[in-house]
Structure formats: C-alpha cells, structure tokens
Amino acid sequence: MEARATKSRARHTAREGRLATFFLLGVAALAVLVLAFVPRIPQDPAYHRFADQRTIGGIPHFWNVASNLPFLLVGLFGCRAALRRDLRGGLRQLRAAYLVFFAGVTLVALGSGYYHWSPSNSTLVWDRLPMTLGFMGFFAALVGENVSTKAASRLLWPLVGAGALSVVYWHFTEVSGAGDLRPYALVQFLPILLTPVILLLFRSPWRSNAWVWGMLGAYLLSKGAEVADFQLYRLLGGISGHSIKHLLAAGGALLLALALRYRARSVG
C-alpha cells in the first residue's frame, strides 16, 4: 500500500514537472514571438549622455569609470568561489556555468570602464559583450539548479554564443544604419523574466532561494537607477544614477558568489 502511494506521488510530481516545463517554454516562446513583431530598435544616441561628466585626475567621466572596480573584485572572488573543491552552495556539474557568469562580471569591469571613458556605439560593444556572458552563465546555472543539470550543460555554450551574436548583430546593423537591439534585449531581459517563473514553479535543491531573489531585486534596482541617472545626480548632490547602477549590479553578483560559499541544501 505504501509503495503504491509512493509511486502515485512520484507520477504526480513528474506530471507537475512536465507542466511547469511546458509553461516555462511557453513563456519563453511568447517573449520571442512578441519581440519578433516589434519594430527594430536602434540605439538611442542620448544613451551616451550621462549625468556625471566630471573629469578627475585626467580620467573623463571619473565616477562612471571608477564605479566599475567592484565588478572586478566581485568577479575574481566569484571565480575563486566557483573553483573551490568544496562547492558547498553550488552544484559541481554547473561549475562551468558559474565560471562563465563570474568571468563575465570580471570582464564587465574592463569593458564598461573602457566604454565610460569614451562613450560611443563602438566602445559600447565591449561593455555589452561581457554582460552577455554574465546573463547567459547565470541563466544556465539557474536552469541547472532548478530544472535540469543535463539541460543546462547542453545549453550553456549555445547560450553564450547566442549572447555574443546578439551584440555582433546589433553592432553591424548599427553600422549599416539600421540598428536593431531586439536580439540583445532578449538576451538581457528574458532571463530576468524567466527567473521568478523558475523559482516559483520548480523545486530548488537549496533550503532558501533568498540569494537569487536578492540578485533579481538588486538587478531591477540597478536598472531603475540607470533610468533615473540625472534625477539621482541632482537629488544626491553629485552621485549619479549610473554609478549607483554599477554598485547595485555588482552587489547582486556578490550575492551569488556568497551563495556558492554559504547556501545550504534542503533536507529530503
């Protein structure tokens, strides 16, 4: 009798898992479909005009450049955490995904620093390329932890390639006079859209998902600070929203680095 009940629960759990997977794929497909029917999105030239234009010590846009330093520190700390033999708060099968994420965070410090030194479409390429590493590494790790480690392992490198191609595509369409940010927008925002779906519908191996929810919150706050660049610059007397964006985004990445060290597995 007990064995029959156990099998019934297992079938019910498997059915729930399939329904959750279909729903996840449906949301992703719908997002792709909607974006396909949106007119192309060129880069707004006003994007390069940031609130803080000060030159300090010969460095133009000093604080927008200097506020990238936390990405370097967090990225290196995260790579070290991902390489630890006792990956207490991570899954060894996903080590490559963690490393891709933190390699992206590390390289953002260089790419974003270079971009903010001399903001233009051509330098923005080197800001966005490492960001796609971060987005895709994070998403592969999220899928691996909550949905399927096998699927994550198969998806990681195609995702990384798709992320890089989205930036290359945007750059060449921009150069040809028909700039199109839609693929890059998908790479950046689809993982953010799917993160709460995955966390709510799939069972996590961790006792708490607060680390990932915290990452998501920090990222959303960073985007808000980016939009409010000029308003925050005036309100805070010289601290721009874009500099705050860098600090919040680096703080979100730090949460995952700490999670790899301190997350505890759920019981049962």
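Residues numbered from 1 in each chain as written. Predicted model: local features only at pLDDT ≥ 70, side-chain atom pairs only at ≥ 80, totals over all residues. Heavy atoms only, no water.

*Asks:* Explanation requested: the packing of helix H6 (residues 149–175) against helix H7 (residues 182–201) in the structure shown.
*Replies:* Helix-helix packing is characterised by the crossing angle of the two axes and by the distance between the axes. It is the contact of H6 with H7, at a shortest axis distance of 8 Å, that shows an interaxial angle of 145°. Note on packing geometry: the crossing formed by H6 with H7 is left-handed. Touching Ala 162, Gly 163, Ser 166, Val 167 and Tyr 169 of H6 are Pro 183, Tyr 184 and Val 187, all from H7. Split by residue class, the contact of H6 with H7 holds six nonpolar, two polar and no charged. (Axes fitted to C-alpha atoms, helices over the stretch in contact; angles between N-to-C directions. Helix = DSSP H or I, 4+ residues; strand = E, 2+ residues; numbered from the N terminus. Left-handed = near helix turned anticlockwise from the far one by under 90°. Contact = heavy atoms within 4.5 Å. Nonpolar A, V, L, I, M, F, W, Y, C, P; charged D, E, K, R; others polar.)

*Asks:* What is the right way to look at the packing of helix H4 (residues 95–117) against helix H5 (residues 121–146) in this model?
*Replies:* One can describe the packing of H4 onto H5 by two numbers: an axis separation of 7 Å at closest approach and a directional angle of 160°. Classified by the angle between their axes, H4 and H5 sit roughly antiparallel to one another. Crossing of H4 over H5 shows left-handed handedness. Here the residues of the contact of H4 with H5 sort into 16 nonpolar, six polar and two charged. (Parallel < 35°, antiparallel > 145°, perpendicular 65-115°, else oblique.)

*Asks:* Even after reading the chapter, I still don't get unusual backbone geometry, so can you show me in this structure?
*Replies:* Peptide bonds are trans in most cases, and residues, glycine excluded, mostly fall at negative phi. The backbone of His 61 sits at a positive phi, close to 50°, despite the residue not being glycine. If you trace the backbone, His 61 turns up in the loop between helix H1 (2–36) and helix H2 (62–66). Overall, the relative accessible area of 13% leaves His 61 in the buried class. (Buried < 20%, exposed > 50% of the residue type's maximum accessible area, 1.4 Å probe, protein only.)

*Asks:* Explain the side chain of His 242 to me, please; I cannot follow it from the model alone.
*Replies:* Within the secondary structure, His 242 sits in helix H10 (residues 241–262). Looking at His 242, its side chain comes within polar contact range of the side chain of His 116, at 3.1 Å. Excluding its chain neighbours within four sequence positions, the residues that come into contact with His 242 are Tyr 47, Phe 50, Asn 64, His 116, Ala 225, Glu 226 and Asp 229. (Polar contact = N/O pair within 3.5 Å; in protein donor to acceptor, adjacent residues only side chain to side chain.)

*Asks:* Before we go on, may I ask you to explain the packing of aromatic side chains in this structure?
*Replies:* For any two aromatic rings, the description comes down to two numbers: the centre-to-centre distance and the angle of the planes. Overall, the coordinates contain six aromatic pairs when judged by the stated rule. A centroid spacing of 5.9 Å and a plane angle of 70° characterise the contact between Tyr 47 and Phe 50, whose relative ring orientation is edge-to-face. Of the residues examined, Phe 50 reaches a relative accessible area of 5% and is grouped as buried. Joined through ring pairs, the aromatic side chains of Tyr 47, Phe 50 and Tyr 115 make up one cluster. Arg 128 extends its terminal NZ or CZ atom over the ring of Trp 170, reaching a point 4.8 Å from the ring centre. (Phe/Tyr/Trp six-rings, centres within 6.5 Å; stacked < 30°, edge-to-face > 60°. Lys NZ or Arg CZ within 6 Å of the ring centre and 35° of its normal.)

*Asks:* Honestly, the pattern of salt bridges in this entry has me stumped. Any pointers?
*Replies:* Opposite charge on two side chains permits them to pair, given that their charged atoms come into close proximity. According to the stated counting rule, one finds six salt bridges in the structure shown. Of the charged contacts in the structure, one is a salt bridge between Arg 54 and Asp 52, with a shortest N-O distance of 2.8 Å. Since its relative accessible area comes to 0%, Asp 52 is described here as buried. Between Glu 226 and Lys 223 there is a salt bridge, and its shortest N-O distance comes to 2.8 Å. Here Lys 223 and Glu 226 lie together in helix H8 (residues 210–227), a separation of three residues that amounts to about one turn. According to the relative accessible area criterion, Glu 226 is buried, its value standing at 14%. Looking at Lys 223, the relative accessible area reads 18%, which means it is buried. (Salt bridge = Lys/Arg side-chain N within 4 Å of Asp/Glu carboxyl O.)

*Asks:* How should a nonpolar patch on the surface be read in this particular structure?
*Replies:* Where nonpolar side chains cluster on the molecular surface, the patch consists of Phe 23, Leu 200, Leu 201 and Trp 213 and spans about 430 Å² of accessible area. Structurally, Phe 23 is set in helix H1. Note on Phe 23: relative accessible area 48%, which makes it partly exposed. (Patch = residues over 30% accessible without salt bridge, like charges linked within 9 Å, V, L, I, M, F, W, Y side chains within 5 Å. Areas by Shrake-Rupley, 256 points an atom, 1.4 Å probe, with all protein chains shown as cover.)

*Asks:* Would you explain H8 in this entry?
*Replies:* The periodicity of an α-helix, 3.6 residues per turn, causes residues three or four places apart in sequence to face the same way. For H8, built from 18 residues, the straight-helix expectation of 26 Å at 1.5 Å per residue is met to within 8% by its first-to-last C-alpha distance of 26 Å. All of the buried residues along H8 are Val 212, Met 215, Leu 216, Ala 218, Tyr 219, Ser 222, Lys 223, Ala 225 and Glu 226. On its buried face, H8 sits against H4, H5, H7, helix H9 (229–235) and H10. (Expected span 1.5 Å × (residues − 1).)

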